Each structure stands twice: as C-alpha cells, then as structure tokens.
Amino acid sequence: MTLNIRYTDEIGGAILLFFVAVMYLYTEGFPSGFGSTSPAFFPRVIGGLIAVFAIAQIVRGIRSETVQTREIERSVLVTVAAAAGLVFGYVVLLPFLGFLIATIAFLIVSMHFSGVERTRRSVPVALIVTLVLFYIFDRFLRVPLPENPFVPISRLLPYLYGGVGLA
C-alpha cells in the first residue's frame, strides 16, 4: 500500500514556515542577553535562514510546470511515525526523568529501533554519549539541564571545573 502526496514542495515549505513561527514565538520568553546577542538570537537567525529557504521552495513549487508527487510506502510511514513517537516521548518524559535517565533510555531504545541488537554495545555508547553531553552543556557551558526530581543523579557525578568565561 502506498500513499501518493501531491504538491510536496509547497506542503514541505509550509510545514517548515509553521515550525519557524512556533520557534519564534517560543523564543519570545527567553531572557535578554548582553548587547545584541540574547539567547534567542542564534535560534532566530537559524529560523530566519530556514524561512528563506522554505519560501524559496514554495515559490519553486508554484512556478514549476509539473506538480511534485511522491509515493510513500506504508513501511516508511510506520518508521517515521515510530521515530517521531520516540522523540515526542523523550521530550515529554525529560522533565520527569531528568536529562541523564531520559537521554540514556532514549538512546538505548533508538539504537535498538535502528538495528543495534546487542545491549553490550548500546548501553555503553548511550552512557558515554549522555555523560559527554552532560559535562559539555551542564558543567562547561553552564546550561541548566532538567534534573530527576526524585533521584538527583547529577549531584553524584564528579564535578569537573569548567565554564566559559569564568576565571
């Protein structure tokens, strides 16, 4: 069974513009920073670039003499839906489980979904990647990450001194 989608350039561009608008509204609540670069500056620059390319894609689709049509098989739809469900579940569970537990679980499940069958490989990779990300963002860049409200695991990890701009 296949699904035929017409006007894919216009639909894809419109979806990208919607996500850029949502991102722009979401960054309204970001605190103001030093000078012209606040925490919202870089996401908005990237969102602006995405919007420019999305508009170009829509214009190209409208000006084209042929209608872009794509055939999507059911297995591809199931794969995309499962991957989107994993990301959605990660985002929903992140505040409750905390960054460390949620990310380790997400990576293990994602690797298993992607074909890594051996837990002896996926668990160490998930642990190492999560710890490296934690130390980069939490300890070095000083970006606060969600903590598990029941078991604050990050307090048990060794503290490595770091931080951008700290003397």
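As the structure is a computational prediction, the values presented were derived from the model and not from experiment.

Colleague: Before we go on, may I ask you to explain unusual backbone geometry in this structure?
Modeller: What you tend to see is this: most non-glycine residues have negative phi, and most peptide bonds are trans. Positive phi is not limited to glycine here, since tyrosine 7 has a value of about 55°. Among the structural elements, tyrosine 7 can be located in the loop between strand 1 (2-6) and helix 1 (8-26). Of the residues examined, tyrosine 7 reaches a relative accessible area of 40% and is grouped as partly exposed.

Colleague: Help me understand the nonpolar core, please; the structure alone is not making it clear to me.
Modeller: Nonpolar side chains tend toward joint burial in soluble globular proteins. Counting seven residues, the largest nonpolar core is built from Tyr90, Leu94, Phe99, Leu100, Ala102, Phe134 and Tyr135. Where this core is concerned, the elements lending two or more residues are helix 3 (74-113) and helix 4 (119-140). When residues of this core are assigned to their parent elements, the largest contribution, five residues, is made by helix 3. What tyrosine 90 contacts, discounting residues up to four positions off in sequence, is Phe99, Ala102, Thr103 and Phe106.

Colleague: In this structure, what is going on with helix 1? I would like to understand it.
Modeller: Look at helix 1: 27 Å from first C-alpha to last across 19 residues, which is about the 27 Å you get at 1.5 Å a residue. Residues of helix 1 that are buried: Thr8, Asp9, Glu10, Gly13 and Val20. Check the buried side of helix 1 and you find it contacts strand 1, helix 2 (41-63) and strand 2 (69-73).

Colleague: Honestly, the packing of helix 3 against helix 4 in this entry has me stumped. Any pointers?
Modeller: Interhelical geometry of helix 3 versus helix 4 gives an angle of 140° and a closest axis separation of 9 Å. In this view, helix 3 runs oblique relative to helix 4, as classed from their interaxial angle. Here the hand of the crossing between helix 3 and helix 4 comes out right-handed. For the pair formed by helix 3 and helix 4, the contact residues are Phe99, Leu100, Thr103, Ile104, Leu107, Ile108 and Met111 on the first element and Ser122, Val123, Val125, Ala126, Leu127, Val129, Thr130, Leu131, Leu133 and Phe134 on the second. Residues of the contact of helix 3 with helix 4, tallied by class, amount to 14 nonpolar, three polar and no charged.

Calculation criteria
Residues numbered from 1 in each chain as written. Predicted model: local features only at pLDDT ≥ 70, side-chain atom pairs only at ≥ 80, totals over all residues. Heavy atoms only, no water. Helix = DSSP H or I, 4+ residues; strand = E, 2+ residues; numbered from the N terminus. Buried < 20%, exposed > 50% of the residue type's maximum accessible area, 1.4 Å probe, protein only. Core = buried A, V, L, I, M, F, W, Y, C linked by side-chain atoms within 4.5 Å. Contact = heavy atoms within 4.5 Å. Expected span 1.5 Å × (residues − 1). Axes fitted to C-alpha atoms, helices over the stretch in contact; angles between N-to-C directions. Parallel < 35°, antiparallel > 145°, perpendicular 65-115°, else oblique. Left-handed = near helix turned anticlockwise from the far one by under 90°. Nonpolar A, V, L, I, M, F, W, Y, C, P; charged D, E, K, R; others polar.

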